[in-house]
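Single-letter residue listing:
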Amino acid sequence: KYSKVNEIEKIVDTVELLTNYHPQMNLMYFKTKNEEYQEKKYMLKAISEFLYKPDTQLLTVNERSLELFDDEKFLESAEGKKFLSNIGISIEKLVCEKTFEPFFYVPFKNHLIKNVLIIENKDTFYSIKSLMGEGINTWGHTSFQLLIYGEGNKITKSIEFIQELNLPTQVNVFYFGDIDREGLTIKHRLNNKIEQKIHWMDFFYLEAWKLRRNLKSKKSQNWNEESTNSFLTIFPVEEREDVYLFLKDELYVPQETLNRNILRRLGSVEQ
């Protein structure tokens, strides 16, 4: 059987794709996508011209995106990333770099940084910051020299900013948040985002668990089996089922359970 085709997608001339643009660009993706090719042609031309006369001065991704396309958000968008991938061009070839949203951090005096502590919530961050100001920076036999405010889930988008601090890869990073589904998932999202390994702050979690009051989460939170199983490993085997069922029932322990007075009692001055 035959059917009438109202409109046939025009094939883009291969010679044009191979000869009208910089040789580093792979444009075969557009061969059968004429409409998209015509729409993106000005962008392809802009990249080609840049590659022939590259600017050796490093810019941020948004700065380069504005310079090339009059749209500072394009290169960092999902569409922009796909566009570059389709033509085999990286942001490095465009002589630009990604920037990361900064987080708020406080160093402990002038100590060499060996251990870093990320705190999910603002009040607990300020309490620990205050105690560090008093010289108390050691909990559970671990002394911390850098304190980071995670600001809830925001830390999952800003954690790469830690690269700006030039910390050695052997530095240990510890995370402490609420004992609830979201708090555990935040820690899970941080895994493998930076060179340094991120650990649970076991000591704080175990102490907070002892003071739980079976509070019900105020809103439903997604369940992540992998992050939950990882969290359970910090507890003695005989307690793990209780913790699992606690989280399943959407109960939670806010990290503010360890208030400033308790944190002061549990802490000590680094020797």
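Residues numbered from 1 in each chain as written. Predicted model: local features only at pLDDT ≥ 70, side-chain atom pairs only at ≥ 80, totals over all residues. Heavy atoms only, no water.

Engineer: Any chance you could explain the nonpolar core here in plain terms?
Structural biologist: Note on soluble globular proteins: their nonpolar side chains tend to be buried together. Among the nonpolar cores identified, the biggest contains 52 residues, and L117, I128, W139, F204 and F231 are the most heavily contacted of them. With sequence-adjacent residues up to four places away left out, I128 is seen in contact with L117, I119, W139, L147, F204 and L263. Ranked by size, the runner-up nonpolar core spans 25 residues in total, among them L17, I87, L94 and C96. (Core = buried A, V, L, I, M, F, W, Y, C linked by side-chain atoms within 4.5 Å. Buried < 20%, exposed > 50% of the residue type's maximum accessible area, 1.4 Å probe, protein only. Contact = heavy atoms within 4.5 Å.)

Engineer: Can you walk me through the sheet that holds strand β6 (residues 142-143) in this structure?
Structural biologist: Two strands in a sheet stick together by hydrogen bonds in their backbones, pointing the same way (parallel) or opposite ways (antiparallel). With antiparallel pairing, the three strands of this open sheet are ordered in space as β6-β5-β12. Both edges of this open sheet fall to β6 and β12 (268-269), since each of them pairs with a single strand only. Note that strand β5 (residues 136-139) and β12 share two bridges and pair antiparallel. Counterpart to I136 in the pairing with β12 is V269. (Pairing = 2+ DSSP bridges. Helix = DSSP H or I, 4+ residues; strand = E, 2+ residues; numbered from the N terminus.)

Engineer: Would you take a moment to explain the sheet that holds strand β7 (residues 146-149) for this structure?
Structural biologist: Read across the sheet, five strands follow the order β3-β7-β4-β8-β9 without closing on themselves; strand pairing throughout is mixed. Among the strands making up the open sheet, the edge pair consists of β3 (104-107) and β9 (198-200). The sheet shows a mean angle of 25° between the axes of neighbouring strands, taken without regard to direction. With five bridges joining them, strand β4 (residues 115-119) and strand β8 (residues 172-176) adopt parallel strand pairing. The partner of L117 across the bridge, within β8, is F174. (Axes fitted to C-alpha atoms, helices over the stretch in contact; angles between N-to-C directions.)

Engineer: I'm lost on a positive patch on the surface in this one. Help?
Structural biologist: On the surface, a cluster of positive charge is made up of K81, K98, K157 and K193. Tracing the backbone through its elements, the reader meets K81 in helix α4 (residues 78-87). (Patch = residues over 30% accessible without salt bridge, like charges linked within 9 Å, V, L, I, M, F, W, Y side chains within 5 Å. Areas by Shrake-Rupley, 256 points an atom, 1.4 Å probe, with all protein chains shown as cover. Salt bridge = Lys/Arg side-chain N within 4 Å of Asp/Glu carboxyl O. Lys, Arg positive; Asp, Glu negative; His and termini not counted. Charge placed at Lys NZ, Arg CZ, Asp CG, Glu CD.)

Engineer: Would you explain the environment of K154 in this entry?
Structural biologist: You can see K154 is positioned in the loop between β7 and α6 (155-158). With 19 residues separating them along the chain, K154 and V173 place their C-alpha atoms 17 Å apart. Sequence-distant contacts of K154, defined by excluding residues within four places in its chain, comprise E101, P102 and F103.

Engineer: Got a minute to help me understand the pattern of salt bridges in this structure?
Structural biologist: Between side chains of opposite charge, a pair can form as their charged atoms come close. Within this structure, the stated rule accounts for nine salt bridges. Across the salt bridge formed by K40 and E79, the nearest N and O atoms sit 3.7 Å from each other. Here the residue K40 occupies a position in helix α2 (residues 34-52), and E79 occupies one in helix α4, the gap between them amounting to 39 residues. Among the ionic pairs, K154 bridges to E151, the shortest N-O distance being 4.0 Å. When its relative accessible area of 40% is taken as the criterion, E151 is described as partly exposed.

Engineer: Teacher, can you tell me more about the side chain of R181 here?
Structural biologist: Along the chain, R181 turns up in helix α7 (residues 181-190). Despite its burial, R181 remains without a salt bridge, the nearest opposite charge being carried by E250 at 4.2 Å. A polar contact is formed between the side chain of R181 and the backbone oxygen of L247, at a distance of 3.2 Å. Contact partners of R181, with chain neighbours within four places excluded, come to Q221, N222, W223, L247, K248 and E250. (Polar contact = N/O pair within 3.5 Å; in protein donor to acceptor, adjacent residues only side chain to side chain.)

Engineer: Looking at this model, I keep getting lost on the packing of α2 against helix α3 (residues 61-69). Mind explaining?
Structural biologist: The relative placement of two packed helices comes down to the angle between their axes together with the axis-to-axis distance. The N-to-C vectors of α2 and α3 enclose an angle of 110°; their axes lie 9 Å apart at closest approach. The orientation of α2 with respect to α3, classified from their angle, is roughly perpendicular. Residues M43, A46, I47 and F50 of α2 touch α3, and the partners they reach there are R64, L68 and F69. In terms of residue class, the contact of α2 with α3 is made up of six nonpolar, no polar and one charged. (Parallel < 35°, antiparallel > 145°, perpendicular 65-115°, else oblique. Nonpolar A, V, L, I, M, F, W, Y, C, P; charged D, E, K, R; others polar.)

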